[in-house]
Number of protein chains: 2
Amino acid sequence: MTTPKQLSKRERNLSDIRDRAIPVAERIVLDEGVEALSARRLAREIGISVGSLYNAFGDLDAVVSAVISKSARLMSDVLRTAAEAPGGDRLQKVIAIGEAYLGFALENPMRWWLLFEFRPNLTLDERARAYQMGLLDMLITVGEGNPKSDTHRQFFLMLWASVHGLVSLACRPTIVAIEPEVARRFLSEMVISGFERFPPE
Amino acid sequence: MTTPKQLSKRERNLSDIRDRAIPVAERIVLDEGVEALSARRLAREIGISVGSLYNAFGDLDAVVSAVISKSARLMSDVLRTAAEAPGGDRLQKVIAIGEAYLGFALENPMRWWLLFEFRPNLTLDERARAYQMGLLDMLITVGEGNPKSDTHRQFFLMLWASVHGLVSLACRPTIVAIEPEVARRFLSEMVISGFERFPPE
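Residues numbered from 1 in each chain as written. Chains lettered and ligands numbered in written order. Predicted model: local features only at pLDDT ≥ 70, side-chain atom pairs only at ≥ 80, totals over all residues. Heavy atoms only, no water.

A. Structural detail: the overall build of chain A. A tally of regular secondary structure across chain A gives nine helices and zero strands. Along the first, second and third principal axes, the C-alpha atoms of chain A reach 60 × 55 × 30 Å. Counting across all 201 residues of chain A, residues that qualify as buried make up 52%. Within chain A, counting contacts between residues at least 6 apart in sequence, those at least 24 apart form 67% of the total. Here chain A carries 25 positive and 26 negative side-chain charges, and the mean point of each set is 8 Å from the other. (Helix = DSSP H or I, 4+ residues; strand = E, 2+ residues; numbered from the N terminus. Buried < 20%, exposed > 50% of the residue type's maximum accessible area, 1.4 Å probe, protein only. Contact = heavy atoms within 4.5 Å. Lys, Arg positive; Asp, Glu negative; His and termini not counted. Charge placed at Lys NZ, Arg CZ, Asp CG, Glu CD.)

So, in structure tokens, the structure goes:
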């Protein structure tokens, strides 16, 4: 058996700063938008120097990433809760996940924006890829597909993409806005007609 | 007959500033991102005072809106060109529009971002709504639907939404990225299976 490595006093201090900074950063980003977050303001609000903040995070991007990660965990919890609700066949379960996806976007438009739309030139890191694969695996399992079949993986990815398009146009006005109520009505229709073409493996 | 209203010297001057500022603003936004655009920098690059810039535009948001409007016109041109290409049945024409939509997003990720993903709390103005309705009408016409039928309008809006989801996940990495080549392959499949459920009016 190994004992967890003891953190040095400095490491504990940096970790403590991170724990205090993230909720404050989150409140600023969710209430006022990501452009309202500055190192100076964040440091002031938690009562430390800008230097200490940079020591703890490296840069402000790392703070934003922490807020995004938290949003990713929250969305994942919402989807898994929908997936694990008792009762219903695979079709009803997949529709429930889609409705949870829509619900999350409508209730948390800023988190949705951070997860999917913030930064046009973001590169996908390994952790984000693993997260996405985890959600896709969950969807395949709930939809009773075979996670090892490429055809099935693509089927569920496309199903996800079509629901994503609906949700992303429904969760706030853009040049092609969709009323949330219309989206909700069509979401299940989209899943049902998708499953009519459920492919062999 | 009426003659076009003569512009005063002041109005001509402000209009001239707008004409010079927009391409410069566009270059900054497309090359460096919207956060690189400041009134000070824009005024300096076109050799006028910040005050004159504000006189011409009101605020920096109006400059960004002008860049967005230009992106909307460009995207509209690309889609209309695809729609008007000779040959093909309605299915092939709708697929061609979908592929043009994907192509525009892949070639102009920053314009796509500005059109659909910039600002989580944007309110839809009348002009944007008219633009969107114009594109939807074009799609319905090409798809040989009835623009006066609510069922048909919703059918084409949902078709648009599903293609939009595919494109938006394909045009850059987010937590659910799709390879552009996979997207291209599935786009036509999505349209074809959509048309299999083409509704009565």
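B. Quick peek at the domain arrangement of chain A. All names here are of chain A. What the domain assignment lists for chain A is domain 1 (7–58) and domain 2 (68–195). Distance from the C-alpha centre of domain 1 to the C-alpha centre of domain 2: 31 Å. In this complex, domain 1 contributes five residues to the contact, which on the side of domain 2 involves six residues. Note on domain 1 versus domain 2: buried area summed over both sides is about 500 Å², and carbon and sulfur give 70% of it. Together, Glu26, Leu30 and Val34 form the three largest contributors to the area buried by domain 1 at its contact with domain 2, with a combined 77%. Joining domain 1 to domain 2, the criterion identifies two salt bridges. (Domains from an automatic or database assignment. Buried area = accessible area lost by both parts, 1.4 Å probe. Salt bridge = Lys/Arg side-chain N within 4 Å of Asp/Glu carboxyl O.)

C. Inspection of unusual backbone geometry at higher detail. Residues and elements named next belong to chain A. One non-glycine residue, Glu144, lies in the positive phi region at around 55°. Take Glu144: it is sitting in the loop between helix 7 (126–142) and helix 8 (150–170). Exposure remark for Glu144: the relative accessible area of 56% places this residue in the exposed category.

D. Spotlight on the pattern of salt bridges. Per the stated rule, a full pass over the model turns up 16 salt bridges over all chains. Across the salt bridge formed by A:Arg111 and A:Glu26, the nearest N and O atoms sit 2.8 Å from each other. Here A:Arg111, found in helix 6 (residues 109–116), pairs with A:Glu26, found in helix 1 (residues 9–32); they are 85 residues apart in sequence, far enough to count as distant. The pair formed by A:Arg111 and A:Glu26 is uniform in burial state, with each residue classed as buried. A salt bridge links B:Asp137 to B:Arg153; its shortest N-O distance comes to 3.0 Å. Remark: B:Arg153 occurs in helix 8 (residues 150–170) and B:Asp137 occurs in helix 7 (residues 126–142); sequence separation between them is 16 residues. Classification of B:Arg153 by relative accessible area gives buried; the value is 19%. Because the salt bridges share partners, they merge into one network encompassing A:Arg27, A:Glu32, A:Arg41 and A:Glu45.

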